[in-house]
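# Remarks on the overall topology
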Amino acid sequence: MVKVDKFIPKAIDKIQQQIDGRAIIALSGGVDSSVCAILAHRAIGDKLTPIYIDTGLMRKGETERIKEIFSDMNLQVVDAKDRFLSALAGIEDPEEKRKAVGEAFIRVFEDEAKLLKAEYLIQGTIYPDRIESEGGIKSHHNVGGLPSVMDFKAIVEPIDDLYKDEVREVARALELPHEISERMPFPGPGLSVRIVGKVTEELVDAVREANAIVEEELVEQFHPWQTFAAIVGKGTGVKGDVRVHGWIVAVRAVGSRDGMTAEAMELPWSVLRTIESRITAEIPSVARVLYDLTPKPPATIEFE
């Protein structure tokens, strides 16, 4: 486990050594990027500009909440929804999705950096991101999904040797709000990897609502490492005595320590039935709901 009292000053010192000029940080509001933002701000002060990119692939209410939490850090919010949906148009392969999102992120950050005259990009890559990308398990948008040519002097990754539970320890030591330090992991490519196959605005809207329902029913009561909903295909159903061919939503809830392995949670049947009932009633395009029992390995936590 990381020794927080030693890690924090070393990380600040390392950032100061790596950055000679202005920098931007990719701030998503997750614990990884939030920890990096605080460390970088302590290291280089007002030479840092945090940037939150609204990709249109975020969870329900997320952009509004991030604006509130980080209002005192000169946070810049960039609306890039159309750009990301365009980049993903027609793509089915999960790796290609991640690479498309990774490239779109970098190009938006390059545009913003030029306006700010910033030459460095800071991001919250952690150790499992590197392991999974380098091992070919999946390309993280901020590691294997990055384009080979980028218009930055350097990409700075202050916590890339830490596991998620270690990052949380650092977050608590930095006195980040509980809402941030204990926040569930959320994939960098957002809801695009919670849609198996092609991404459309209609599907993003549907899976966003399904995710919100799952989180409302499970997070506070069961405290999962990660829980979410994914659209995995189409199936036949009946709604209002009419036969429909609607979306199939798979629900995932796992316990884990660091995300490298995970076990499906044994949820009460009544809770699963409530989730199923809400999703099929509140999202007209959904015909059926499944619960994923598969541990990691052999499955990954996300479906893509």
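Under the counting rule described, the total for this entry stands at 24 salt bridges. The closest approach of N and O atoms between Arg 59 and Glu 215, which form a salt bridge, is 3.3 Å. Highlighted residues: Arg 59 in the loop between β2 (48-54) and α3 (62-69) and Glu 215 in helix α9 (residues 201-222), separated in sequence by 156 residues. Residue classification places Glu 215 among the partly exposed positions, given a relative accessible area of 21%. We note a salt bridge from Arg 278 to Glu 217, for which the minimum N-O separation is 2.9 Å.

Here the focus is the sheet that holds strand β3 (residues 76-79). A sheet is described by the order of its strands in space; here five strands give the open sequence β3-β2-β1-β4-β5, paired in parallel fashion. Strands with a single pairing partner mark the edges of an open sheet, and in this sheet they are β3 and β5 (154-156). Pairs of neighbouring strands in the sheet enclose a mean axial angle of 30°, with direction left out of account. Summarising the sheet, strand β1 (residues 23-26) and β2 pair through four bridges and their orientation is parallel. Paired with Ala 26 across the two strands is Ile 51, which belongs to β2.

Our next topic: helix α1 (residues 4-18). With 15 residues, α1 ought to run about 21 Å at 1.5 Å a step, and its terminal C-alpha atoms sit 21 Å apart, in line with that. Residues Val 4, Phe 7, Ile 8, Ala 11, Ile 12 and Ile 15 constitute the buried set of α1. All buried residues of α1 lie within an arc of 125° about the axis, which places them on one face of the element. In α1, the exposed positions that point more than 90 degrees away from the buried face belong to Asp 5, Lys 10 and Gln 17. Its buried side turned inward, α1 meets α2 (31-44) and α7 (164-173).

As a further point, take the packing of α9 against helix α10 (residues 269-282). For the pair α9 and α10, the least separation of the axes is 9 Å and the interaxial angle reads 155°. In this view, α9 runs roughly antiparallel relative to α10, as classed from their interaxial angle. The interaxial crossing formed by α9 with α10 has right-handed handedness. Residues Ala 210, Ile 213, Val 214, Glu 216, Glu 217, Leu 218 and Phe 222 of α9 lie in contact with α10, whose contacting residues are Val 271, Thr 274, Ile 275, Arg 278, Ile 279 and Glu 282. Of the residues assigned to the contact of α9 with α10, the class counts are eight nonpolar, one polar and four charged.

By the element assignment, Glu 62 lies in helix α3. What makes Glu 62 buried here is its relative accessible area of 4%. Leave out the neighbours within four places in its chain, and Glu 62 touches Tyr 52, Arg 183 and Phe 186.

Take α10 next. Counted at 1.5 Å a residue, the expected span for α10 with its 14 residues is 20 Å, and the 20 Å between its end C-alpha atoms agrees. Listed in full, the buried residues belonging to α10 are Val 271, Leu 272, Ile 275, Ile 279 and Thr 280. For α10, the angular spread of buried residues about the axis comes to 155°, placing them on one side. Residues Trp 269 and Ala 281 are exposed on α10 and point more than 90 degrees away from its buried face. Among the structural elements, α9, β6 (226-239), β7 (242-255) and β9 (286-291) are those in contact with the buried residues of α10.

Cut-offs and rules
- Residues numbered from 1 in each chain as written.
- Predicted model: local features only at pLDDT ≥ 70, side-chain atom pairs only at ≥ 80, totals over all residues.
- Heavy atoms only, no water.
- Salt bridge = Lys/Arg side-chain N within 4 Å of Asp/Glu carboxyl O.
- Helix = DSSP H or I, 4+ residues; strand = E, 2+ residues; numbered from the N terminus.
- Buried < 20%, exposed > 50% of the residue type's maximum accessible area, 1.4 Å probe, protein only.
- Pairing = 2+ DSSP bridges.
- Axes fitted to C-alpha atoms, helices over the stretch in contact; angles between N-to-C directions.
- Expected span 1.5 Å × (residues − 1).
- Arc of directions from axis to C-beta.
- Contact = heavy atoms within 4.5 Å.
- Parallel < 35°, antiparallel > 145°, perpendicular 65-115°, else oblique.
- Left-handed = near helix turned anticlockwise from the far one by under 90°.
- Nonpolar A, V, L, I, M, F, W, Y, C, P; charged D, E, K, R; others polar.

None of the figures reported here should be taken as evidence of function without further support.
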